[in-house]
Amino acid sequence: MSRQDGRARRISGDDVDDTGAHILHVDLDAFFASVELLDRPDLRGKPVIVGGREGRSVVTTATYEARAYGVGSAMPMARALQLCPKAIVVSPRHELYRLYSKRVMSIFDDITPMVEKLSIDEAFLDVYGARRLLGSPAAIARLIRQRVYDDTGLTCSVGAAETKFVAKLASGMAKPDGVLVVPPAQTQEFLRPLPIRALAGVGGKTEEALQRLGLRTVADVAEIPIGALRSAVGDASATRLHELASGRDPRQIVTEQSEKSIGHEITFHDDVVDPATLERELLRLSDRVGARLRAAGVTAGGVALKLRYSDFTTLSRSRRLPEATSVARRLYESSVELFRELEVRGRPVRLIGVRAERLSEGAPSMSLWDPDEEWRDAESTVDQLRGRFGVDAVTSASLLTPRPSTAGGTRHPGQRGT
Ligand code: TTP
Ligand code: MG
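All residue numbers refer to position in the chain's written sequence, counted from 1. A letter from A marks each chain and a number from 1 marks each ligand, given out in the order of writing. Side-chain atom pairs in this predicted model are given and counted only at pLDDT of 80 or more, local residue features only at pLDDT of at least 70, and totals for whole chains, interfaces and linings cover all residues. Processing note: side-chain calculations cover all non-hydrogen atoms of the structure and skip hydrogens and water entirely.

**So, the packing of helix H1 (residues 31–39) against helix H4 (residues 94–111)**
Quick note on the threshold: Axes here mean lines fitted to C-alpha atoms, for a helix over just the part in contact, with angles spanning 0 to 180 degrees between N-to-C directions. Runs of E in the DSSP output that reach at least two residues are strands. Runs of H or I that reach at least four are helices, and both are numbered from the N terminus. In this scheme, roughly parallel covers angles under 35 degrees and roughly antiparallel covers those over 145, while 65 to 115 is roughly perpendicular and the rest are oblique. When checking whether two residues touch, look at their non-hydrogen atoms; a contact exists if any pair is within 4.5 Å. Under the scheme applied here, ten amino acids are nonpolar (Ala, Val, Leu, Ile, Met, Phe, Trp, Tyr, Cys and Pro), four are charged (Asp, Glu, Lys and Arg), and all others, including Gly, are polar.
Put simply, H1 and H4 touch, their axes get as near as 10 Å, and they point 100 degrees apart. What the angle tells us is that H1 and H4 run roughly perpendicular. Residue-level inspection shows Phe31, Phe32, Val35, Glu36, Leu38 and Asp39 of H1 in contact with H4, the latter providing His94, Leu96, Tyr97, Tyr100 and Ser101. Grouping the constituent residues of the contact of H1 with H4 by class yields seven nonpolar, two polar and two charged.

Set out below in structure tokens:
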């Protein structure tokens, strides 16, 4: 949707019914250009193009002010400057964009583990499991936009719908800096008037074939007998187009590891020797892992500990839990046991991590007498508060001691496949 200039922008009011619209598509606005403007506030409000100036360079992206002149991604720079001679051209700094991308993606990871990263500046989130803690899909969309802005100064747009396809269309329409919710009951109404090009993957030859059949809108595609569609574009495309045009899209969110594990690890600025400090860090990490398990509505059947010494020797130890759990206290107890078995004995530690493994869907099986009840209640209260006030707002009382300084903060190994 990068050629849009925002003139056809559509956003939802506060009263929109977002029930069931739990798939979010989040996409940063004019990403490379917006990052450049953070360093050059004097360029705000001006037509800015990011790309090389050399002969055959192309536009990577442009601010919405430049798009108003018809400038768009992948256009030859020479052509862009014909359309908008007063545009300011800035060279791309890809390293910087990757850094911002990571920061934004880690905000998504804190919302839910159900994140599918699509490109450097966009992702799908399934917030079905996160609703209990963070509110309705529209509330979560607002929360994401606020956190991204507070943390990076960048704006993004969010589409919320029942399916990936519709969510992505919606975020494109909400641009820039908006939210569009498509209530499931209004999916048809939303799709029908759109041009056939809106159907994912339609371009070039397929579009021509559909036009030859006299099809112009998504409604035309939904209504034409499937046989006619098959002979025009082939069986596979016909089925897919027909499904999408009718508002059906069975694709699920595919996370990097499809959530085989959820972990956090921390690299210390100065190596740590004191075992009590390391155990306190394990509590903090377990706490975060537990919160993410609960947000995803999954339980862990195993725990793994990762330890890296200052000489980069790295050890991993894991064990099964007696019972699947999402209670941080249980993850902590197991990880401390694993830690003690390693007999660190004064070797300086550079990194420590906790990972929940053997994940399964659903609440833990509860026997008549539930020994974890109190922990569960306490932790779910913490979840609610964090949902409202942010991840760092609430910590276990035993963590209220100075912590060693860290290099780069916690990472999410479960999400990155490390
Ligand atoms: P997009 O999300 O497609 O575009 P955008 O973020 O610049 O603008 P918007 O989403 O508001 O429409 O792409 C993200 C970044 O990827 C973009 O900032 C630059 C880069 N990119 C290219 O380098 N070449 C391209 O052809 C496209 C489409 C994007
Ligand atoms: Mg974008």
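**Notes on the sheet that holds strand E6 (residues 122–126)**
Which entries qualify depends on this criterion: Note on pairing: two strands pair once DSSP finds at least 2 bridges between them.
Pairing within the open sheet is mixed, and its five strands lie in the order E5-E6-E1-E7-E8. Edge strands, defined here as strands with exactly one partner in the open sheet, are strand E5 (115–119) and strand E8 (179–181). Along the sheet, successive strands turn relative to each other by an average axial angle of 15 degrees, direction set aside.

**As for the pattern of salt bridges**
Just so we agree on the cut-off: Between Lys or Arg on one side and Asp or Glu on the other, a salt bridge is scored when a side-chain nitrogen of the former is within 4 Å of a carboxyl oxygen of the latter. Only protein chains enter the accessibility calculation, which uses a 1.4 Å probe. A residue is then buried if its area is under 20% of the maximum for its type, exposed if over 50%, and partly exposed in between.
Summed over all chains, the structure comprises 27 salt bridges. The partner of Glu223 in a salt bridge is Arg192, and the shortest N-O contact between them spans 2.4 Å. Linking Glu223 in helix H10 (residues 218–223) with Arg192 in the loop between helix H8 (187–191) and helix H9 (204–212), this pair joins segments that are 31 residues apart in sequence. For Asp249, the salt bridge goes to Arg251, with nearest N and O atoms at 2.8 Å. Relative accessible area serves as the criterion here: at 45%, Arg251 is assigned to the partly exposed category. Connected via shared salt-bridge partners are Asp27, Asp29 and Lys175.

**What to know about the pairing of strand E7 (residues 156–161)**
Successive residues of a regular strand alternate their side chains across the two faces of the sheet. With respect to burial, E7 is a largely interior element, six of its six residues being buried. Where strand E1 (residues 23–28) meets E7, six bridges bridge the pair, whose relative direction is antiparallel. In the strand pairing of E7, Asp27 is matched with Ser157. Of the strand pairs in this sheet, E7 and E8 are connected by three bridges, and their pairing is parallel. Each residue of the ladder has a partner; that of Gly159, found in E8, is Leu180.

**What about unusual backbone geometry?**
The amide bond that connects Lys175 to the next residue, Pro176, takes the cis arrangement and shows omega of -10 degrees. Of note, Pro176 is situated in the loop between helix H7 (164–174) and E8. The phi angle at Phe312 is positive, at roughly 75 degrees, despite the residue not being glycine.

**Some words on the UniProt feature "binding site: Mg(2+)" (unreviewed entry) in the protein**
Stated formally: UniProt positions are given in the numbering used here, feature names are shortened, and annotations may be inferred rather than shown by experiment.
UniProt's entry tags Asp27 and Asp121 with the feature "binding site: Mg(2+)" (unreviewed entry), counted in the numbering of this structure. Spanning 95 residues, the annotated positions come together in the fold, the maximum distance between their C-alpha atoms being 5.7 Å. By the secondary structure assignment, Asp27 is in strand E1. The class for Asp27 is buried, based on a relative accessible area of 13%. Contacts of Asp121, omitting those with residues within four sequence positions, involve Val26, Asp27, Leu28, Phe31 and Met105.

**So, the nonpolar core**
Test applied: Among the buried residues, those of types Ala, Val, Leu, Ile, Met, Phe, Trp, Tyr and Cys that are joined through side-chain atoms within 4.5 Å form a nonpolar core.
Membership of the largest hydrophobic core comes to 38 residues, with the highest contact counts inside it found for Phe108, Leu125, Ile144 and Val148. Contributing elements (two or more residues each) for this core: E1, H1, H4, E6, helix H5 (131–134), helix H6 (137–152), E7 and E8. With seven residues, the top contributor of residues to this core is H4. Contacts of Ile144, omitting those with residues within four sequence positions, involve Leu24, Val26, Phe108, Ile111 and Leu125. Among the nonpolar cores identified, the runner-up in size contains 33 residues, and Ala167, Ile196, Ile224 and Leu244 belong to it.

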